[in-house]
Amino acid sequence: MRIYRLISISIRLFGLLALGSVCAADVAPVAEKAKSKAPVDSVPSFTWIHVDAPYVALTFDDGPSAKLTPKLLDLLATHHIRATFFVIGQNVVENPEITARAAREGHEIGNHSWSHPNFGKMSDEAVRRELRKTDDAIRGAIGASPTLLRPPYGSITAREKKWIAEEFGYKIILWDVDPLDWKRPGPMAVCNRIVRNTRAGSIVLSHDIHPGTIEAMPATLEQLEAKGFKFVTVSELISMATPEPPKPTPAKHPANSPNPETSSPKSTTPSG
Ligand SMILES: [Zn+2]
């Protein structure tokens, strides 16, 4: 009888663990939903990285901003934190010295398009122009081509991912922590959302073009540090990846994305 109860408890525990593991893996936001009909998605995108230590990557999109990005760089330098900036090509051309400073100080620079359009709704040729111009602008500013792409709004089709990887060699980077800072909810909300949702291997999205985001960062960095997190660039985080334990049930991509903004990309939605 006692043995039977032990077995029964073990089975239930295993069931719970299995359930937890599926939920944890189902953080794939954005265009993942749209591609659920695609037969095979051979090019992965990264929403978070399975790592064995408390490393995370902070990412800042849509800059550089002449006014705000230097403040953020000052703060990151004070904390000896390196981050990743997904820059807009036309902002790089306006602020090449800020882009160069970020790279010089150890931050990673990724391609976030020239003018922030929705790739999921564009022709290949138009996407190619966006990527090429931005790649050229980044290379002009920092002397090296980026290796990462974050599509605006996280919107990209499986087919685009494939040809972009082949032509540009970019890894597609999404995120698992989104404080929705573009809605300008106030620095405290931005801070709380990031601190509450960040876990080992997280890729944290925010934007260095909103004053409230920059105001949120001192407390955010302090609280993440107090929780023991260490900060690396996205490429470094990917290089630390360790194999995930095998899942007892196949991974599913549920209809409900953790980020409603990105599950149905809108051209006017500035998230990502
Ligand atoms: Zn963006």
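Use the structure listed above.
Now for a quick tour of the structure. (Residues numbered from 1 in each chain as written. Predicted model: local features only at pLDDT ≥ 70, side-chain atom pairs only at ≥ 80, totals over all residues.)

### Here we look at the overall build of the protein chain
When its secondary structure is counted, the protein chain shows 10 helices and eight strands. Taken across its 272 residues, the protein chain has 44% of its residues classed as buried. When contacts within the protein chain are restricted to residue pairs at least 6 apart in sequence, those whose partners lie at least 24 apart make up 82%. (Helix = DSSP H or I, 4+ residues; strand = E, 2+ residues; numbered from the N terminus. Buried ≥ 20, exposed ≤ 12 C-beta atoms within 10 Å, placed from the backbone. Contact = placed C-beta atoms within 7 Å.)

### Looking at the nonpolar core
If you look at the biggest cluster of nonpolar residues, it comprises 56 residues, and the most contacted ones within it are Ala57, Ile173, Ile203 and Val204. Not counting chain neighbours up to four residues away, the residues in contact with Val204 comprise Val56, Ala57, Leu58, Thr59, Trp175, Val177, Ile194 and Thr198. (Core = buried A, V, L, I, M, F, W, Y, C linked by C-beta atoms within 7 Å.)

### Considerations on the packing of helix α5 (residues 124-142) against helix α6 (residues 158-168)
At their nearest, the axes of α5 and α6 sit 12 Å apart, and the two run at 40° to each other. Relative to α6, the element α5 lies oblique. Crossing geometry of α5 relative to α6 is assigned as right-handed. Note on element contacts: α6 touches α5 through Glu160, Trp163, Ile164 and Phe168, opposite Asp124, Val127, Leu131 and Asp135. (Axes fitted to C-alpha atoms, helices over the stretch in contact; angles between N-to-C directions. Parallel < 35°, antiparallel > 145°, perpendicular 65-115°, else oblique. Left-handed = near helix turned anticlockwise from the far one by under 90°.)

### Describing the pairing of strand β7 (residues 203-207)
Where burial is concerned, most of β7 is hidden: five out of the five residues are buried. With burial as the criterion, each face of β7 is covered, one bearing Ile203, Leu205 and His207 and the other bearing Val204 and Ser206. With five bridges connecting them, strand β2 (residues 55-61) and β7 associate as parallel partners. Among the inter-strand pairings, Leu58 is bridged to a residue of β7, identified as Val204. (Pairing = 2+ DSSP bridges.)

### Brief notes about the packing of helix α4 (residues 96-104) against α5
A pair of packed helices is characterised by two quantities: the angle between their axes and the separation of those axes. Where α4 contacts α5, the axes come no closer than 8 Å and their chain directions differ by 70°. Taken together, the axis directions place α4 and α5 in an arrangement best described as roughly perpendicular. In terms of crossing hand, the pair formed by α4 and α5 is right-handed. On α5, the residues that touch Pro96, Thr99, Ala100 and Ala103 of α4 are Ile138, Gly140, Ala141 and Ile142. Tallied by class, residues from the contact of α4 with α5 come to six nonpolar, two polar and no charged. (Nonpolar A, V, L, I, M, F, W, Y, C, P; charged D, E, K, R; others polar.)

Nothing here speaks to function; it is geometry throughout.
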